[in-house]
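Given next are the chains, with one letter for each unit.
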Amino acid sequence: MSNSVVLCRSIPVLRFSTKLLKLSVLSATLFLSTVSHAWHDLGHMLVAKLAYDQISANDSKLAGILDNLTKASCDYFSGLGLESDQCATFVQAATLLDSYSGKYPESKSWHYINMPVVFDEASSKVNYTAVTEAAAELPNVDIQLQYSLQVLRNNRADILEGHIDDETSKAFITVIHLMGDIHQPLHNFELFSDVFPNGDAGGNRLDVKGVDGVSNLHSLWDSMADKYSDVRWYDSDALDQVAKFKEEVSQAVAAGYSAPFNDLRVMVDPWNITSAINLEMQHRVYDDMYSGVTVSDSQKNQIQLDATYLVAMAGEKLARSLQEVLGSSQRRVRQISRPVAREAFDSAFQRQLKHWFSRNMPQVSTGN
Ligand SMILES: [Zn+2]
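It should be emphasised that the depicted structure is a prediction, and the values quoted were computed from it without experimental measurement.

Caption draft 1: Up close: the overall build of the protein chain. When helices and strands are tallied, the protein chain shows 15 helices and six strands. For the protein chain, contacts bridging at least 24 residues in sequence account for 75% of all contacts bridging at least 6.

Shown next as structure tokens:
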């Protein structure tokens, strides 16, 4: 048997046989039993605070629309049994989707996409069936974000008139959360290797030491490597803490971003964000990181800085996206005819994924 398993270009990655779907559900279940949701509450609230402040400084009408959306969405989610205090403000509402997915597990895969990272192509242990399944799991963060933005775009006229239906509420809460998640590198890819033949579940299975309150690579990034003290949405001083840390983030990026974040910064389309994060961040995240590693000060500092950049640009992009779909700018993308066809997003994604595999894993084939 050859060392490198080759995956030809007509790989059956995109054929969703019943068996594959069952396997996908199984692997998703295994993954989710250990996963935590990026970022922690603080990261999501920072993204929302950055976006909201930017919007209210430039477009008070849109800020008012966002307040209306927050209130209507909160009524809808409270009706589903979630705590209304968690969506009392736009900033806190950015954490709501994690609680929703805790209650409705079928939505957990909305928060991530597992594009495979295989550094050692000669590995004889990597399970290439798992590699293709990981990438093909649906729905993922790209589709859910893209779809939800389109729902807002299509329902814009109603939203402006104050008619906010359940579909709109769900899309709104999804957008303000997932624009954060998609900028957490480990919500975009997972490592397959001799040590992790079936994947490291976005760093959840890769144990690390040396950082307070952090036990694995995924939570190292979720916590922004312990850069800011932990703040939960329900803390009595949550909004004050977020405002204070938001100033720190703004100062950190005031002089601009360093490479590779300048490239990432221009991406707004979800799939482009995922592709760019895969390209730019895989080595930054995984180099010198192995199970049981003690995180050095320089690694910690690097992650803190990288995470600050990513959270800052997520805030910028959330503001831009909300302006594009709901603001008065004439540069909005056209509405598409109702109803917004979810299947169209799935099939577009399958084409993109096939293209990605052909470009990024051309040496891989299903032959033995
Ligand atoms: Zn999440």
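Caption draft 2: Region of interest: helix H3 (residues 60-79). End to end, H3 covers 29 Å across 20 residues, agreeing with the expected 28 Å (1.5 Å per residue, within 8%). Here H3 has its buried residues at Ile 65, Leu 66, Leu 69, Thr 70, Ser 73, Cys 74 and Phe 77. Where H3 is buried, its residues touch helix H2 (41-58), helix H4 (90-93), helix H5 (96-103), helix H8 (156-160), helix H9 (166-181) and helix H14 (297-326).

Caption draft 3: Focus on H2. Over its 18 residues, H2 runs 26 Å from end to end, which matches the ideal 26 Å to within 8%, given 1.5 Å per residue. With 13 of 18 residues buried, H2 is to be regarded as a mostly interior element.

Caption draft 4: Representation of the environment of Lys 209. With respect to the secondary-structure elements, Lys 209 resides in strand E4 (residues 208-209). Sequence-wise, Lys 209 and Leu 220 are eleven residues apart; in three dimensions their C-alpha atoms are separated by 9.5 Å. Not counting chain neighbours up to four residues away, the residues in contact with Lys 209 comprise Thr 294 and Val 295.

Caption draft 5: Expanded view of unusual backbone geometry. Cis peptide bonds are those with omega within 30 degrees of zero, and the linkage from Leu 138 to Pro 139 qualifies with -10°. By the secondary structure assignment, Pro 139 is in the loop between helix H6 (128-136) and helix H7 (141-154). In this structure, the amide linkage connecting Ala 259 to the following residue, Pro 260, adopts the cis form with an omega of 5°. Relative to the assigned elements, Pro 260 resides in the loop between helix H11 (238-253) and helix H12 (261-265). Even without being glycine, Met 224 reaches a positive phi, approximately 55°. Take Met 224: it is sitting in the loop between helix H10 (217-222) and H11. Given 24 C-beta atoms within a 10 Å radius, Met 224 is considered buried. The backbone of Ala 225 sits at a positive phi, close to 50°, despite the residue not being glycine. By the secondary structure assignment, Ala 225 is in the loop between H10 and H11.

Caption draft 6: Layout of the packing of H2 against H11. Put simply, H2 and H11 touch, their axes get as near as 10 Å, and they point 75° apart. Comparing their axes, H11 and H2 come out roughly perpendicular. Contact with H2, carried on its side by Leu 42, Met 45, Leu 46, Lys 49 and Leu 50, involves Val 242, Ala 243, Phe 245, Lys 246 and Val 249 of H11 and no other residues of that element. For the contact of H2 with H11, a count of residues per class yields eight nonpolar, no polar and two charged.

Caption draft 7: Seen up close, the packing of H2 against H9. Contact geometry for H2 and H9: axes closest at 9 Å, N-to-C directions at 115°. What the angle tells us is that H2 and H9 run roughly perpendicular. Handedness of the crossing formed by H2 with H9: right-handed. Counting all contacts with H2, which are made through Gly 43, His 44, Val 47 and Ala 48, the residues of H9 involved are Ile 176, His 177, Met 179 and Gly 180.

Caption draft 8: Representation of the environment of Ile 176. With respect to the helices, strands and loops of the structure, Ile 176 is situated in helix H9. When the 30 C-beta atoms within 10 Å are taken as the criterion, Ile 176 is described as buried. As a C-alpha pair, Ile 176 and Met 45 span 131 residues in sequence and 9.5 Å in three-dimensional space. Among residues more than four places away in sequence, those in contact with Ile 176 are Ala 48, Ala 93, Ala 94 and Leu 318.

Caption draft 9: Highlighting the environment of Tyr 228. With respect to the helices and strands, the residue Tyr 228 is situated in the loop between H10 and H11. Classification of Tyr 228 as buried rests on a count of 22 C-beta atoms within 10 Å. Sequence separation between Tyr 228 and Gly 43 is 185 residues; the distance between their C-alpha atoms is 9.4 Å. If we ignore the near neighbours within four places in the chain, the residues touching Tyr 228 are Leu 42 and Phe 245.

Caption draft 10: Seen up close, the confidence of the model for the protein chain. Per-residue confidence for the protein chain averages 86 on the pLDDT scale, and 85% of its residues sit at or above 70. Every residue in residues 1-36 scores below 50 in pLDDT, and together they form 55 contacts with partners more than four places removed in sequence or on other chains.

Definitions and limits used
- Residues numbered from 1 in each chain as written.
- Predicted model: local features only at pLDDT ≥ 70, side-chain atom pairs only at ≥ 80, totals over all residues.
- Helix = DSSP H or I, 4+ residues; strand = E, 2+ residues; numbered from the N terminus.
- Contact = placed C-beta atoms within 7 Å.
- Expected span 1.5 Å × (residues − 1).
- Buried ≥ 20, exposed ≤ 12 C-beta atoms within 10 Å, placed from the backbone.
- Axes fitted to C-alpha atoms, helices over the stretch in contact; angles between N-to-C directions.
- Parallel < 35°, antiparallel > 145°, perpendicular 65-115°, else oblique.
- Nonpolar A, V, L, I, M, F, W, Y, C, P; charged D, E, K, R; others polar.
- Left-handed = near helix turned anticlockwise from the far one by under 90°.
- pLDDT = per-residue confidence, 0-100.

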